[in-house]
Amino acid sequence: MTKIKRIQAFALSCPTPGGAVFAVGRSAKRDMVLVRIETECGIVGYGEAHHAQTPSTIAAFINDALGPSLIGMDAHETEAIWDKSYRHYIATHGPGAAAVIGLSGVDLALWDIKGKDLGQPVYRLLGGKRRPIRAYAGGISLGFQPVDDLKREIEGFIARGYDFMKLRVGDTLEKDLERVSAVRAAFGPEITLAADAGTRYRTADVARIAEVCEAGRLAWLEEPFTPDNLPGYRRLRDLTATPLAAGENHFTRHELRTLISEEVIQFVQADCCKTGGITEILKIAALAGAWHLQFAPHTSASVLSTAASTHVLSVAPNAFIYEADVSAINAFRDELGTPFEIVDGTILAPDAPGLGVEIDEKVIEKYPFIPGASYQ
């Protein structure tokens, strides 16, 4: 048996001087939580838990509570491990979203072990097929900057093969309208354009938000409101033909069930590093499919998130698109493992066993945790 011998979590930080500005602030550093699981037979699996703006807290939860509770269990028993963790730390007396996020990183590492032990990539274990997946230019990019700078940034992404871009909105509505209108006017139908408000809009402004949507002929407007503001989503849905997207900040299928059943979104954007790992996000994708919604997962900081997302997108019948992190600085995308290539605007899942990423553990010492806010 591939019994779990050791679980470790490391909070890591990469400085991002001059980082992009968007709805939640200026990117001051790139944080991640790297999860390392070793089995008694010597297999090592790696996963990523989202930083949650407090990566040291997520790492501490894994190291002090979740990890020790799983020692001795069979790493292949991902469903049993998920259920045990849910009952112990999420359903009652747990640290809420932090527990789900920590479990996400552990679950990814377990799938990595399972694939390595069986000599198969995760997408094949899940019954998927390796195929090109359309990618869009997202991540921490295309932020609150002058229109001419936005145009130059988009031109650079077009030169790299992207034809789908995601702007950042959630500034003042006047500036949002100016940027969105100018980008659409400059590029016309040459690009598909979406926008992400980072939950910063107010319900009282739904009419003007709809104006921004229509001006940009947006493929979707992402997270216009906070996750709990379903009345705002309903009002905006009724005012614009622009599809709405959300799910990045909804945890587990239970929270997504409420969002989906309200029929206010068309794109489900759960993140496997936040919502419960591969084990849970597959259930969410299936739930979205049952409501005839498309699946467009949010991705986190590192090559591990990229790998996990592409494996899941290679499986889900309602998979729509992959979010590529095109931010200027991200060591966890570029140095933790071999960076993924986007060719003609598409990406492929790794074909090596497990998640298919060779991790350079030197990054753990090179990028120690930096206390302070992720966004200023």
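Caption draft 1: Region of the structure containing the nonpolar core. One finds Met 165, Tyr 201, Leu 221, Ile 265 and Ile 278 to be the most contacted residues of the largest nonpolar core, which totals 81 residues. Of the residues forming this core, the biggest block, 6 residues, is contributed by helix α11 (residues 303-313). If we ignore the near neighbours within four places in the chain, the residues touching Leu 221 are Val 169, Ala 195, Ala 197, Tyr 201, Ile 209, Cys 213, Leu 236, Thr 242, Pro 243, Leu 244 and Ala 245. In terms of nonpolar packing, the next biggest core, distinct from the first, is built from 31 residues, Ile 43, Met 73, Ala 75 and Trp 82 among them.

Caption draft 2: Quick look at unusual backbone geometry. Even without a glycine there, the phi angle at Glu 223 is positive, about 40°. Here Glu 223 lies in the loop between β9 (221-222) and α8 (230-237).

Caption draft 3: Structural detail: the pairing of strand β5 (residues 44-49). Summarising burial for β5: 6 of the 6 residues are buried, a large majority. Both faces of β5 are covered, namely the face carrying Val 44, Tyr 46 and Glu 48 and the face carrying Gly 45, Gly 47 and Ala 49. Linking two consecutive strands that pair antiparallel, namely strand β4 (residues 29-39) and β5, is a turn of 4 residues; a positive phi of about 95° is found at Gly 42 within it.

Caption draft 4: Quick peek at the packing of helix α6 (residues 173-187) against helix α7 (residues 206-216). It is at 8 Å that the axes of α6 and α7 come closest, and there the two elements cross at 15°. Viewed along their axes, α6 and α7 adopt a mutual orientation that is roughly parallel. Read as a crossing pair, α6 and α7 show a hand that is left-handed. Residues Leu 173, Glu 174, Asp 176, Leu 177, Val 180, Ser 181 and Arg 184 of α6 form the contact with α7, whose own contacting residues are Arg 208, Ile 209, Glu 211, Val 212, Ala 215 and Gly 216. Residues that form the contact of α6 with α7 fall into these classes: 6 nonpolar, 2 polar and 5 charged.

Caption draft 5: Structural context of helix α9 (residues 252-261). Turning to α9, its buried residues are Thr 252, Leu 256, Leu 259 and Ile 260. The buried residues of α9 occupy an angular sector of 95° when projected down its axis, which confines them to one face. The inward-facing, buried residues of α9 abut α2 (78-90), α3 (97-118), α8, β10 (244-246), β11 (267-268) and α10 (277-290).

Caption draft 6: Representation of the packing of helix α1 (residues 55-70) against α3. Where α1 meets α3, the axes come as close as 10 Å, and the angle between the chain directions of the two elements is 65°. By the criterion of interaxial angle, the relationship of α1 to α3 is roughly perpendicular. Seen from above, α1 lies across α3 with right-handed handedness. Of α3, the residues touching α1 (which contributes Ile 58, Phe 61, Ile 62, Leu 66 and Leu 70) are Ala 98, Ala 99, Ile 101, Gly 102, Leu 103 and Val 106. Within the contact of α1 with α3, the residues separate by chemical class into 10 nonpolar, 1 polar and no charged.

Caption draft 7: Local environment of the packing of aromatic side chains. For the structure shown, the criterion picks out 12 aromatic pairs. Consider the rings of Phe 157 and Tyr 162, whose centres lie 6.2 Å apart with planes at 80°: the pair is edge-to-face. In this structure Phe 157 comes out as buried when scored by relative accessible area, which is 5%. What makes Tyr 162 buried here is its relative accessible area of 4%. With 5.2 Å between their ring centres and 50° between their planes, Phe 267 and Phe 320 make a pair best called tilted. One end of the pair, Phe 267, is in strand β11; the other, Phe 320, is in the loop between α11 and β13 (322-325), and 53 residues separate them in sequence. Classification of Phe 267 as buried rests on a relative accessible area of 6%. Across the ring face of Trp 111, the terminal group of Lys 114 is positioned such that the distance to the ring centre comes to 3.9 Å. The ring of Phe 22 carries the charged tip of Arg 168 above its face, separated from the ring centre by 4.4 Å.

What counts as what
Residues numbered from 1 in each chain as written. Predicted model: local features only at pLDDT ≥ 70, side-chain atom pairs only at ≥ 80, totals over all residues. Heavy atoms only, no water. Core = buried A, V, L, I, M, F, W, Y, C linked by side-chain atoms within 4.5 Å. Buried < 20%, exposed > 50% of the residue type's maximum accessible area, 1.4 Å probe, protein only. Helix = DSSP H or I, 4+ residues; strand = E, 2+ residues; numbered from the N terminus. Contact = heavy atoms within 4.5 Å. Pairing = 2+ DSSP bridges. Axes fitted to C-alpha atoms, helices over the stretch in contact; angles between N-to-C directions. Parallel < 35°, antiparallel > 145°, perpendicular 65-115°, else oblique. Left-handed = near helix turned anticlockwise from the far one by under 90°. Nonpolar A, V, L, I, M, F, W, Y, C, P; charged D, E, K, R; others polar. Arc of directions from axis to C-beta. Phe/Tyr/Trp six-rings, centres within 6.5 Å; stacked < 30°, edge-to-face > 60°. Lys NZ or Arg CZ within 6 Å of the ring centre and 35° of its normal.

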